[in-house]
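# Structural description and commentary
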Amino acid sequence: FGQDATLAGFDWGNYLEKSGLLAAPVSCFRHVPLCAQWDDIYVGLKVEVLNTHTALPSKVYWIATVVQLTGYMALLRYEGFEDDDSHDLWCNLGTADVHPIGWCAVNSKLLVPPQEVHQHIKDWKSYLMERLVGAHTLPVDFHVKMADSLRCPLRQGVRVEVVDRSQVSRTRLAVVDTVIGGRLRLLYEDGGLGPSGEVLSDFWCHMQSPLLHPVGWSERVGHSIKETDTSVNMSSHPAFRKVLQNSVPDQFKKLRTVYMGDTFFEEGMKLEAIDPLNLGNICVASVRKVLLDGYIMVGIDGVEIGDGSDWFCYHASSHAILPVGYCENNNIPLTLPPGYDHATFSWTKYLEETGTVAAPRRLFNTDDVGHGLTSGMKLEAVDLMEPRLVCVATVRRCVGRLLLLHFDGWEPEFDQWVDCQSPEIYPVGWCEITSYQLQPPIGPEPPQGQERLHTSKKAKPF
Ligand code: MLZ
């Protein structure tokens with residue numbers, strides 16, 4: 001698969017057949033269209049689908065059975081082919097001209113069998129009657145539910161607070177520019193425009209992203225926010241033309257409430273944390289500051305610049321902070337501060353040496369949520385270091401609620417740990433449904449154990 005796949009649209013059906021037909025089920029992703037409906041979608045369902053095997057000039061339909069289901073993709077077999085799989089076709093149940101049985105009758109569309117099977121069966125009416133008895137079909141409101149679930153409360157011109165990609169310890173005011181499938185393109189209010197009006201600094205995230213907040217959030221919890229440089233004029237950009245509207249807390253996902261009473265995180269406590277700039281690394285880290293509403297600022301031990309500009313804000317319920325010993329217990333390589341090595345590092349010794357204590361285990365949200373994902377499953381996942389990109393990816397490991405994601409065709413150094421409930425991961429076929437551009441694998445998978453030619457390792461934040 002070369003770059004051309006980007007233009008033509010990536011052929012998931014073909015790719016899945018080559019890689020073992022394993023994709024994460026739609027029902028594993030609570031934030032995606034049709035998640036709640038997916039229990040009613042299974043192999044054996046019969047549908048009415050556009051008949052692509054006819055010489056007729058007008059659109060006609062035929063009945064087909066779901067023979068494989070993987071992500072949003074269904075492999076369909078037209079009635080009449082029986083055990084012959086030579087005409088099976090992959091279609092995305094969220095986009096294709098696929099309908100419940102009875103749809104053609106109600107909508108005055110013609111049901112016409114494919115040319116290849118037409119002559120084999122004499123009495124189509126009784127053939128179909130027999131095949132359809134007791135068969136199940138798509139829920140009637142399938143497409144309505146689909147449209148409903150694609151609504152987003154945030155739209156162009158709405159102001160939000162979001163992490164500042166040039167300095168991750170602070171937030172910055174931004175305005176929604178575009179919304180695609182619930183993912184937002186945000187323009188920093190003082191990000192500036194180039195000579196031909198192009199945006200110089202933007203950020204992408206899903207509307208349920210933990211990095212996104214209503215206006216006023218930073219001040220309320222005590223998080224630092226970049227002062228907007230009012231000399232920067234953005235008014236010629238369409239997103240800034242209307243009167244901007246402040247977003248409000250109701251438009252955002254509610255986080256689990258945490259009690260900051262008697263025992264909570266305290267400054268100096270040690271923990272293990274996902275490095276926000278190297279999401280494949282879980283590191284020795286410290287609580288640097290306790291904010292309100294259950295938020296804490298975390299710094300990575302041994303690599304901090306010293307002015308707090310590389311601290312990162314995590315909610316106490318975040319998957320990205322873990323109790324001391326978590327990596328060792330789960331056989332994950334822990335990234336140590338410079339100067340330490342795995343042969344001699346021990347948490348007990350480290351705590352003693354640094355005169356610190358471990359953050360109590362019970363403060364962490366390491367609940368096993370039973371997500372149903374397993375290693376080897378394909379999905380579409382945001383490269384959080386370049387969050388505009390939704391890429392072809394594979395679950396490489398599952399540890400509790402954490403998933404280690406691998407981007408197909410990319411070096412393992414691009415792998416990222418994410419939460420199983422991250423709003424930035426989607427079932428196979430999501431991009432096609434939402435018209436979001438999917439980044440195909442850049443090349444064949446590198447042979448095991450061998451380095452491929454250099455691909456530049458990410459250097460910039462995000
Ligand atoms: N500019 C970057 C893109 C990396 C995107 C990887 N996505 C999995 C590079 O080429 O290094």
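Heads up: the structure comes first, above all this text.
Presented here is a report on the structure given in the accompanying data block.

Scoring rules and cut-offs
Residues numbered from 1 in each chain as written. Predicted model: local features only at pLDDT ≥ 70, side-chain atom pairs only at ≥ 80, totals over all residues. Heavy atoms only, no water. Helix = DSSP H or I, 4+ residues; strand = E, 2+ residues; numbered from the N terminus. Contact = heavy atoms within 4.5 Å. Areas by Shrake-Rupley, 256 points an atom, 1.4 Å probe, with all protein chains shown as cover. Salt bridge = Lys/Arg side-chain N within 4 Å of Asp/Glu carboxyl O. Pairing = 2+ DSSP bridges. Axes fitted to C-alpha atoms, helices over the stretch in contact; angles between N-to-C directions. Core = buried A, V, L, I, M, F, W, Y, C linked by side-chain atoms within 4.5 Å. Buried < 20%, exposed > 50% of the residue type's maximum accessible area, 1.4 Å probe, protein only. Phe/Tyr/Trp six-rings, centres within 6.5 Å; stacked < 30°, edge-to-face > 60°.

### Quick look at the overall build of the chain
Helices and strands together make up the secondary structure of the chain, namely ten helices and 23 strands. Dimensions of the chain, computed from the C-alpha atoms along their principal axes, are close to 85 × 55 × 50 Å. Considering only intrachain contacts with a sequence separation of at least 6, the fraction spanning at least 24 residues in the chain is 65%. Carbon and sulfur atoms provide 52% of the accessible area of the chain, an area that totals close to 22,000 Å².

### Topic: the pattern of salt bridges
Tallied over the entire structure, the rule returns 21 salt bridges. A salt bridge links Asp141 to Lys145, with the nearest nitrogen and oxygen atoms 2.7 Å apart. Here Asp202 ties to Arg185 by a salt bridge, and the two come within 2.8 Å at their closest N and O atoms. Separated by 17 residues along the polypeptide, Asp202 in strand β9 (residues 202-206) and Arg185 in strand β8 (residues 183-188) bring together distant segments of the chain.

### What to know about the sheet that holds strand β2 (residues 61-70)
In space, the five strands of this open sheet follow the order β4-β3-β2-β1-β5, with antiparallel pairing throughout. Each edge of the open sheet carries a strand with a single partner, namely β4 (89-92) and β5 (98-100). Each strand of the sheet is rotated relative to its neighbour by a mean of 50°, with strand direction disregarded. By the bridge criterion, four bridges tie strand β3 (residues 73-78) to β4 in an arrangement that is antiparallel. Paired with Ala74 across the bridge in β4 is Cys91.

### Re the nonpolar core
Membership of the largest hydrophobic core comes to 68 residues, with the highest contact counts inside it found for Trp12 and Leu76. By size, the runner-up hydrophobic cluster in this structure holds 56 residues, among which are Tyr188, Phe203, Cys205 and Ala316.

### Side note on the packing of aromatic side chains
Applying the stated criterion across every chain, the model contains 20 aromatic pairs. Ring geometry for Phe345 against Tyr350: centres 5.4 Å apart, planes inclined by 45°, an arrangement best described as tilted. Across the pair, exposure class does not vary: Phe345 and Tyr350 are buried alike. Site record: aromatic cluster; members linked through ring pairs are Trp204, Tyr426, Trp430 and Tyr436.

### Describing the pairing of strand β18 (residues 378-382)
With respect to burial, β18 is a largely interior element, five of its five residues being buried. Burial along β18 is two-sided: the face carrying Lys378, Glu380 and Val382 and the face carrying Leu379 and Ala381 are both buried. The pairing of β18 with strand β19 (residues 390-399) spans five bridges and is classified as antiparallel. Within the sheet, the bridge partner assigned to Val382 lies in β19 and is Val390. Inspection of the sheet shows β18 paired to strand β22 (residues 425-426) by two bridges, in the antiparallel sense. The residue of β22 that forms the bridge with Ala381 is Ile425.

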